[in-house]
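Inside the fold
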Amino acid sequence: MSHDLATELEEHRTPAAIGRPVLVVEDVELNFSGIRALDRVSFDVGAHELFAIIGPNGAGKTSIFNVMSGVYRPQRGSVVFLGESILGRSPHAIATRGLSRMFQNIELFSNLTVVDNLMLGRHQHVDYGVLSAMLWVGKARREEIAHRAVVEDIIDFLEIEAYRKYPVGLLPYGIQKRVELGRALALGPRLLLLDEPVAGMNLEETEDMARFILDIRDELDIPIILVEHDMGVVMDLADRVLVLDFGRPIASGAPEEVQRDPDVIRAYLGQEHRTRKTDDLRGSR
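Below you will find a few notes about this structure.

For the rest of this paragraph, the subject is the pattern of salt bridges. Taken as a whole, this structure holds 18 salt bridges when the rule is applied. One salt-bridge network, held together by shared partners, links Asp27, Glu29, Arg36, Asp39, Arg40 and Arg76.

Gaps left between atoms are located by rolling a probe of water-molecule size over the structure's atoms. Roughly 460 Å³ of volume is contained in the largest pocket. Lining the largest pocket we find 19 residues, and of these Ala95, Ser100, Arg101, Phe103 and Leu187 sit closest to its centre. Of all the secondary-structure elements, those providing two or more residues to the lining of the largest pocket are helix H3 (91-97), strand E6 (99-102) and helix H7 (173-186). The element contributing the most residues to the lining of the largest pocket is H3, with four residues. Among the residues making up the lining of the largest pocket, the classes are represented as nine nonpolar, six polar and four charged.

Another point: helix H8 (residues 203-218). Since there are 3.6 residues in each turn of an α-helix, residues three or four apart along the chain are aligned in direction. End to end, H8 covers 23 Å across 16 residues, agreeing with the expected 22 Å (1.5 Å per residue, within 8%). Of the residues making up H8, those classed as buried are Thr206, Asp208, Met209, Ala210, Phe212, Ile213, Ile216 and Arg217. For H8, the N-terminal capping position is held by Asn202, with its side-chain oxygen 3.2 Å away from the main-chain nitrogen of Glu204.

In this structure, strand E9 (residues 240-245) lies alongside strand E10 (residues 248-253), joined through five bridges in antiparallel fashion. Directly across from Leu242, in E10, lies its bridge partner Ser252. Hairpin remark: E9 followed by E10, antiparallel, with two residues in the connecting loop; positive phi at Phe246, about 50°.

Okay, the sheet that holds strand E3 (residues 50-54) next. Read across the sheet, six strands follow the order E6-E7-E8-E3-E9-E10 without closing on themselves; strand pairing throughout is mixed. Two strands lie at the open edges of the sheet, namely E6 and E10, each paired on one side alone. Averaged over all pairs of adjacent strands, the angle between strand axes in this sheet comes to 20°, irrespective of strand direction. Bridge count for strand E7 (residues 191-195) against strand E8 (residues 224-227) is four bridges, and the pairing is parallel. Paired with Leu192 across the bridge in E8 is Ile224. Helix-sheet contacts for helix H2 (residues 61-68) involve E3, E6, E7, E8 and E9, and the interaxial angle to E7 is about 150°.

Checked against the element boundaries, Glu256 lands in helix H10 (residues 255-258). For Glu256, a relative accessible area of 42% translates into the label partly exposed.

Attention now moves to the nonpolar core. Soluble globular proteins tend to bury their nonpolar side chains together. Counting residues in each nonpolar core, the largest one holds 51 residues, and the members touching the most others are Leu181, Leu192 and Ile216. The element best represented in this core is H7, accounting for six residues. In this structure Leu192 touches Ser100, Leu181, Ala184, Leu185, Ile216, Ile222, Pro223, Ile224 and Ile225, once residues within four positions along its chain are discounted. Residues Val25, Leu38, Met68 and Ile94 belong to the second largest nonpolar core, which totals 30 residues.

Here is what the cut-offs are and how they apply
Residues numbered from 1 in each chain as written. Predicted model: local features only at pLDDT ≥ 70, side-chain atom pairs only at ≥ 80, totals over all residues. Heavy atoms only, no water. Salt bridge = Lys/Arg side-chain N within 4 Å of Asp/Glu carboxyl O. 1 Å grid on protein atoms, 1.4 Å probe; cavity = no way out; pocket = protein on both sides within 12 Å on 5 of 7 lines; lining within 4 Å. Points joined across faces, edges and corners; volume = space filled by probe spheres on them. Helix = DSSP H or I, 4+ residues; strand = E, 2+ residues; numbered from the N terminus. Nonpolar A, V, L, I, M, F, W, Y, C, P; charged D, E, K, R; others polar. Expected span 1.5 Å × (residues − 1). Buried < 20%, exposed > 50% of the residue type's maximum accessible area, 1.4 Å probe, protein only. Polar contact = N/O pair within 3.5 Å; in protein donor to acceptor, adjacent residues only side chain to side chain. Pairing = 2+ DSSP bridges. Axes fitted to C-alpha atoms, helices over the stretch in contact; angles between N-to-C directions. Contact = heavy atoms within 4.5 Å. Core = buried A, V, L, I, M, F, W, Y, C linked by side-chain atoms within 4.5 Å.

Put into structure tokens, the structure is as follows:
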């Protein structure tokens, strides 16, 4: 099933050049009324990578997501996605190119079913007119059937078959987060941004979401940028980690290297609490 889903999602993706990073962020600076939210942030993400961005509250994690997805335009720097600059493009244009985002807060239509919410994620691929849609004939009918097939495979992939016809507002929080993830997948992303996907979840829900995140990278072959406060999840899942503190990069590398970095320890715990570094940064649960 996951192979079929990967094939279906791949149909609408723009392939990356061999050996070239999917995303390159270079020297990004973002200021708000004299306050520097991002200070010369640079990183790249490979085509098969799960890249994590961490940092204390106010470090600039959501700001860099907003820059990448077109919500903010930085005063300096560049963001190149699939070989083309996306600075100045609208969020809609960037999403159409294949950058999909799962938000920290659930942004679903609570009165619509799971299927309908996921179908909304396919809107970028709709290529028929209003009249054809109203009559549901020809191209509209063929496309509708094809999009529903993708949605049903996503439902199977995320193991939410039992909830497919329920309004999402009636579903448990953990299932709603899966639906939110499913809608991001429905776009057919070339790069997936996950903004605190396990926030507010219990241990079982967190473990389930972590499994799905790994499956997205490994089975669907979609690179991921993850922002997350749960250090256990980050250290278990990420290939590389970037640490921000007050908008400034202070460390980057493999999880085991980052969690031993003195600057990271100071940023999270303060100089006086350095002896607690191992348990805190490994995210013991």
